[in-house]
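# Structural characterization, general
Residue-level listing of the chains:
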Amino acid sequence: MEKPTVTPEPASIGAPNAPIVSKTTLALRWAVVVFAGVGVALAPSPEGIEPRAWQLFAIFVATILGLIFQPLPGGAMVLLGIAATAVFGVLPPATALAGYADPVVWLVLSAFMLARGMIKTGFGRRVALLFVRALGGTSLGLGYALALTDGVLASVIPSNSARSGGIVFPITRSIAESYGSQPGPTAARLGAFLLPLVYQTDVIVCAIFLTGQASNPLIAGFVRQVTGIELSYGTWFLGAVVPGLVSLALTPLFLYRLFPPEVRRTPKAADYASTELRKMGPLSRVELLMLATFLLVLVLWVTTRWHGIDYAVVALLGLGTLLITGVLTWQDVITERSAWDVFIWYGGLVLLARELGKTGITEWFAQGTGALLEGWSWQLSLAVLLLVYFYAHYAFASITAHSSAMLIPFLSVALVAGAPAMLAALLFAYLSNLCACLTHYGTTPAPIYFGAGYVTQARWWQIGLAASAPHLVLWPVVGLLWWKLLGWW
């Protein structure tokens, strides 16, 4: 089997190498964004909403549509939105740029650099090979091995494109090819099962950790804005660990029964992993330093309530350690394009959502929509809101755009309907990740796995729809029982 090579990590939103579109398509995208923003701005503001607040809402709408339709890459659209708030006098310049001083933005940036260290040192690949050697004797076991790799790395690395796309995907594809499974007539031997399965487990892993993917700290911020509940690293993980592990155990088995591969036993995969590990030799100095930094950051994040060091400071400490020890160079840091792309759109969205929350527009929407649910039990109201929120992801190519557009108003409506705050917050936070299972553009690694060519779009969507069933059953049912046991609702 040919030794896999690590693919370059794609940017999380609006990748620089995004497909070229025609001038007509580009003009239509701009038209949607501009006319929507101008239309909202010119519409009369609702009673009790100040005109300046309504103008901010118009800019927010245009920015979110820009993230969805992307006439420019996502980071550029958010930057234009931030600039618009200052140009039109909606926000003072210092306020408009304040999102880039938020510690969470620096947390995500620093953690992306840790991902760069994982790939550069080869430590992430070693972890994957160890799991494949231990569990890779069957095609289903391979799925679990690669999911566990993703899970271990996700405890610190928020870039699912780096974890799943840069580390797990090349190994997955190489193993499929070793069994003669190529896109086309032989795809069903192994690749058509294994690649979608690994992606589906990545979606679950994204939901388990606050660092599961880049938007989770943003989602936690939205939750705090609406409910006042702080979803810290430990709280997020504690809430997700039981339903997440049950989901990781049962979802691959469920998909294995529905979409089985022709090759059930894969002893060559374990042999391949053993061979590659022998080639790598013992842990190198840089791998040991990477491991030590990984454990340091993880332990400090888990024990924040005892030492009080902010998560962002811990992440910066980890990055500083990698720079001082030479694991990363400054050139590595400044050339990590995806990290800086995330920094731009993340800081902008943090600011827009925070300022919008001060305007009263969300409360106005929640009260109006809540009146439509009058007479419904909170359980039924919450279930309907969650289903609409989940399947609305068919219209989004980004967890960030989806949660930024819908989480705050939908969570607000759920609270007006009487749903317990902690229960509603957790379900919306976790389902914000799980809904990415649906399509081949649901989150960043999806186009990577789909682009391998093993599965048609129709088949991918069938798998995604099937996977949504256990998510919508296991997480609410197991989650409700677990959170009740914890005394959270």
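Residues numbered from 1 in each chain as written. Predicted model: local features only at pLDDT ≥ 70, side-chain atom pairs only at ≥ 80, totals over all residues. Heavy atoms only, no water.

## Concerning the overall build of the protein
Secondary structure summary: the protein contains 23 helices and zero strands in total. Relative to the 2.2 N^0.38 estimate, which gives 23 Å for 489 residues, the radius of gyration of the protein is 22 Å and therefore close to what a compact globule would have. Principal axes of the C-alpha set define a box for the protein whose edges measure 70 × 55 × 50 Å. Counting the 489 residues in the protein, one finds 56% classified as buried. In the protein, once contacts between residues fewer than 6 apart in sequence are set aside, the share between residues at least 24 apart is 80%. Summed over all atoms, the accessible surface of the protein reaches about 19200 Å², with 68% contributed by carbon and sulfur. For the protein, the distance from the average position of its 26 positive side-chain charges to the average position of its 20 negative side-chain charges is 10 Å. (Helix = DSSP H or I, 4+ residues; strand = E, 2+ residues; numbered from the N terminus. Rg over C-alpha atoms; globule rule 2.2 N^0.38 Å. Buried < 20%, exposed > 50% of the residue type's maximum accessible area, 1.4 Å probe, protein only. Contact = heavy atoms within 4.5 Å. Areas by Shrake-Rupley, 256 points an atom, 1.4 Å probe, with all protein chains shown as cover. Lys, Arg positive; Asp, Glu negative; His and termini not counted. Charge placed at Lys NZ, Arg CZ, Asp CG, Glu CD.)

## Observations regarding the layout of surface pockets
In this model, the second largest pocket occupies a volume close to 360 Å³. The greatest single-element share of the lining of the second largest pocket, amounting to seven residues, is contributed by helix α1 (residues 23–42). A per-class count over the lining of the second largest pocket returns 14 nonpolar, four polar and no charged. (1 Å grid on protein atoms, 1.4 Å probe; cavity = no way out; pocket = protein on both sides within 12 Å on 5 of 7 lines; lining within 4 Å. Points joined across faces, edges and corners; volume = space filled by probe spheres on them. Nonpolar A, V, L, I, M, F, W, Y, C, P; charged D, E, K, R; others polar.)

## A look at the side chain of His-393
With respect to the element layout, His-393 can be found in the loop between α19 (378–391) and α20 (399–416). Taking the relative accessible area as the measure of exposure, His-393 reaches 0% and is therefore buried. With sequence-adjacent residues up to four places away left out, His-393 is seen in contact with Ser-398, Ile-399, His-402, Cys-435, Ala-436, Leu-438, Tyr-441 and Gly-442.

## A closer look at the nonpolar core
Counting 162 residues, the largest nonpolar core has Leu-231, Trp-301, Leu-382 and Phe-428 as the members making the most contacts within it. Excluding anything up to four places from it in sequence, Leu-231 contacts Leu-210, Ala-220, Val-223, Trp-236, Met-422, Leu-426 and Ala-429. (Core = buried A, V, L, I, M, F, W, Y, C linked by side-chain atoms within 4.5 Å.)

## Considerations on the packing of helix α2 (residues 51–69) against helix α3 (residues 74–87)
It is at 9 Å that the axes of α2 and α3 come closest, and there the two elements cross at 170°. When the axes of α2 and α3 are compared, the pair comes out roughly antiparallel. Taken together, the residues of α3 that come into contact with α2 (itself represented by Leu-56, Ile-59, Thr-63, Gly-66 and Leu-67) are Gly-74, Met-77, Val-78, Gly-81, Ala-84 and Thr-85. Of the residues contributing to the contact of α2 with α3, the split by class is six nonpolar, five polar and no charged. (Axes fitted to C-alpha atoms, helices over the stretch in contact; angles between N-to-C directions. Parallel < 35°, antiparallel > 145°, perpendicular 65-115°, else oblique.)

## A few points about the pattern of salt bridges
Within this structure, the stated rule accounts for eleven salt bridges. Glu-276 is the partner of Arg-125 in a salt bridge, and the nearest nitrogen-oxygen pair spans 3.0 Å. Here Arg-125 is found in helix α6 (residues 123–135), whereas its partner Glu-276 is found in helix α12 (residues 267–280), with 151 residues between them in sequence. Side by side, Arg-125 and Glu-276 carry an identical accessibility label, which is buried. (Salt bridge = Lys/Arg side-chain N within 4 Å of Asp/Glu carboxyl O.)

## A closer look at the confidence of the model for the protein
For any part of a model where pLDDT is low, the fine detail of the predicted coordinates should not be relied upon. Residues of the protein with pLDDT of at least 70 account for 96%, and the chain-wide mean is 90. Across the protein, element-level confidence peaks in helix α21 (residues 421–434) with a mean pLDDT of 97 and bottoms out in helix α18 (residues 361–372) with 80. Counting interchain partners and residues more than four positions distant, the pLDDT-below-50 stretch residues 1–18 has 53 contacts. (pLDDT = per-residue confidence, 0-100.)

## So, helix α10 (residues 216–227)
Relative to the 16 Å expected for twelve residues at 1.5 Å per residue, α10 spans 16 Å between its end C-alpha atoms, a close match to the ideal helical length. All of the buried residues along α10 are Asn-216, Pro-217, Leu-218, Ile-219, Ala-220, Gly-221, Phe-222 and Val-223. Summarising the contacts, the buried residues of α10 are in contact with α5 (103–121), α9 (191–208), α11 (233–258), α17 (337–357), α20 and α21. (Expected span 1.5 Å × (residues − 1).)

## Description of the packing of aromatic side chains
One pass over the structure, following the stated rule, counts 23 aromatic pairs. On the basis of an interplanar angle of 15° and a centroid distance of 6.4 Å, the ring pair of Tyr-391 and Tyr-394 is categorised as stacked. Among the residues examined, Tyr-391 registers a relative accessible area of 29% and is labelled partly exposed. Put simply, the rings of Phe-169, Tyr-199, Tyr-449, Phe-450 and Trp-460 pair up and form one aromatic cluster. Between Arg-305 and the ring centre of Trp-306, over which it is positioned, the NZ or CZ distance is 5.8 Å. (Phe/Tyr/Trp six-rings, centres within 6.5 Å; stacked < 30°, edge-to-face > 60°. Lys NZ or Arg CZ within 6 Å of the ring centre and 35° of its normal.)

## A short note on a nonpolar patch on the surface
Nonpolar side chains collect at one region of the surface, where Val-34, Phe-35, Val-38 and Leu-42 lie side by side and expose about 430 Å² of accessible area between them. In this fold, Val-34 is placed in helix α1. (Patch = residues over 30% accessible without salt bridge, like charges linked within 9 Å, V, L, I, M, F, W, Y side chains within 5 Å.)

## Looking at α3
The end-to-end C-alpha separation of α3 is 20 Å, in line with the 20 Å expected for 14 residues at 1.5 Å each. Looking at α3, one finds that the buried residues are Gly-74, Gly-75, Met-77, Val-78, Gly-81, Ile-82, Ala-84 and Thr-85. The inward-facing, buried residues of α3 abut α1, α2, α4 (93–96) and α17. In the stretch just after α3, Gly-89 is the one whose phi turns positive, near 70°.

## So, the environment of Ala-383
Locating Ala-383 in the fold gives a position in helix α19. Relative accessible area serves as the criterion here: at 35%, Ala-383 is assigned to the partly exposed category.

## Things to note about the packing of α10 against α17
Orientation of α10 relative to α17, taken along the N-to-C sense of each, is 10°, at an axis distance of 11 Å. As summarised for this structure, α10 and α17 are arranged roughly parallel, according to the angle between their axes. Residues Pro-217, Leu-218, Phe-222 and Gln-225 of α10 form the contact with α17, whose own contacting residues are Trp-345, Tyr-346, Leu-349, Val-350, Ala-353, Arg-354 and Gly-357. Grouping the amino acids of the contact of α10 with α17 by side-chain chemistry returns eight nonpolar, two polar and one charged.

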